[in-house]
Amino acid sequence: MSDPPVPNESTPAPAWEPNIVGFLCNWCSYAGADLAGTSRIPYACNVRIIRVPCSGRVDPLMILRAFREGADGVLVSGCHPGDCHYIEGNYYARRKFIALKQLLDHVGVDPRRLRFSWVSASEGRKWAEVVETVTRELLEIGPYRYDRDGDD
Ligand code: FES
């Protein structure tokens, strides 16, 4: 088995890396991301995490603002069904994001730019896989360009 290539000055930097905003519930997904870090599980460093008390707390306007401020993708992650610390927050979140994805599609934004996932506090490896998958998909889709003048 050969060693992975070592980056050096002759290794070209990627032309573009997606900016991803991640809204993670405090009780499950944030702890799962923390576990990935403390377990030293490697994954793409494209996600800027915003900790929220519950995925149900994420207002769709927060997601739209993230896109407007330059995010190429948004990831919302919460407790598994039945595990929400506020009983039904993640069910409300799921319903809101199904509707929001349809709205994004309607206004011409690729709905794959918004991802919802369930990651528990013990799923550091799953968190890493979700981030890798979302990053890879956004690399395929390309950058999101928000046109303030409405020409896009
Ligand atoms: Fe985690 Fe509600 S507390 S989704």
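No experiment lies behind these values; they were computed from the predicted model shown.

> Give me the lowdown on the overall build of the protein, citing residues and values where you can.
Along the backbone of the protein there are four helices and four strands. Counting from the amino terminus, the protein carries its helices and strands in the arrangement β-α-β-α-β-α-β-α. Sorting the 152 residues of the protein into buried and exposed places 38% on the buried side. Pairs at least 24 residues apart make up 79% of the contacts formed inside the protein by residues separated by at least 6 positions.

> Quick rundown of the nonpolar core? Include the residues and the values.
In terms of nonpolar packing, the biggest core is built from 38 residues, with I20, C25, V74, V76 and W127 touching the most fellow members. Of all the secondary-structure elements, those providing two or more residues to this core are β1 (20–25), α1 (29–38), β2 (47–52), α2 (60–68), β3 (73–78), α3 (89–106), β4 (114–118) and α4 (124–141). Here this core gets six residues from one element, more than from any other, and that element is α4. Apart from residues lying up to four places away in sequence, V74 is in contact with V21, I63, A66, F67, R113 and L114.

> I'd like to hear about α3, residue by residue, with values.
Side chains of residues three or four places apart in an α-helix project in the same direction, reflecting 3.6 residues per turn. The terminal C-alpha atoms of α3 lie 26 Å apart, and with 18 residues this matches the ideal 26 Å at 1.5 Å per residue to within 8%. Buried residues in α3 make contact with α2, β3 and β4. Two residues or fewer after α3 comes G108, characterised by a positive phi angle close to 90°.

> Break down the pairing of β1 for me, citing the residues and quoting the values.
Counting buried positions over the six residues of β1 gives six, a clear majority of the element. Side chains I20, G22 and L24 of β1 all project onto a buried face; the interleaved residues V21, F23 and C25 project onto the opposite face, where all are buried too. Bridge count between β1 and β2: six bridges; the pairing is parallel. Of the residues in β2, the one forming a bridge with V21 is R48. Handedness of the crossover joining β1 and β2 through α1 is recorded here as right-handed.

> I'd like a rundown of the sheet that holds β3, residues and numbers included.
If you trace the four strands from one edge of the open sheet to the other, you get β2-β1-β3-β4, paired in parallel fashion. At either margin of the open sheet sits one strand with a lone partner, and together these are β2 and β4. Taken pair by pair, the neighbouring strands of this sheet meet at an average axis angle of 20°, ignoring direction. Sheet strands in contact with α1 are β1, β2 and β3, and its direction is about 115° off that of β1.

> Quick one: what's the story with the environment of C28, residue by residue and with numbers?
Take C28: it is sitting in the loop between β1 and α1. Here C28 falls in the buried class, since 26 other C-beta atoms lie within 10 Å of it. Note: C-alpha distance between C28 and D83 (55 residues apart in sequence) is 8.7 Å. Not counting residues up to four positions away in its chain, the partners in contact with C28 are G78, C79, D83, V119, S120 and A121.

> How would you sum up unusual backbone geometry? Please name residues and give values.
With phi around 55°, R40 is a residue other than glycine that occupies positive phi space. Despite not being glycine, I87 has its phi angle at roughly 70°, a positive value. Locating I87 in the fold gives a position in the loop between β3 and α3.

About the cut-offs
- Residues numbered from 1 in each chain as written.
- Predicted model: local features only at pLDDT ≥ 70, side-chain atom pairs only at ≥ 80, totals over all residues.
- Helix = DSSP H or I, 4+ residues; strand = E, 2+ residues; numbered from the N terminus.
- Buried ≥ 20, exposed ≤ 12 C-beta atoms within 10 Å, placed from the backbone.
- Contact = placed C-beta atoms within 7 Å.
- Core = buried A, V, L, I, M, F, W, Y, C linked by C-beta atoms within 7 Å.
- Expected span 1.5 Å × (residues − 1).
- Pairing = 2+ DSSP bridges.
- Right-handed = clockwise from strand over helix to strand, strands pointing away.
- Axes fitted to C-alpha atoms, helices over the stretch in contact; angles between N-to-C directions.

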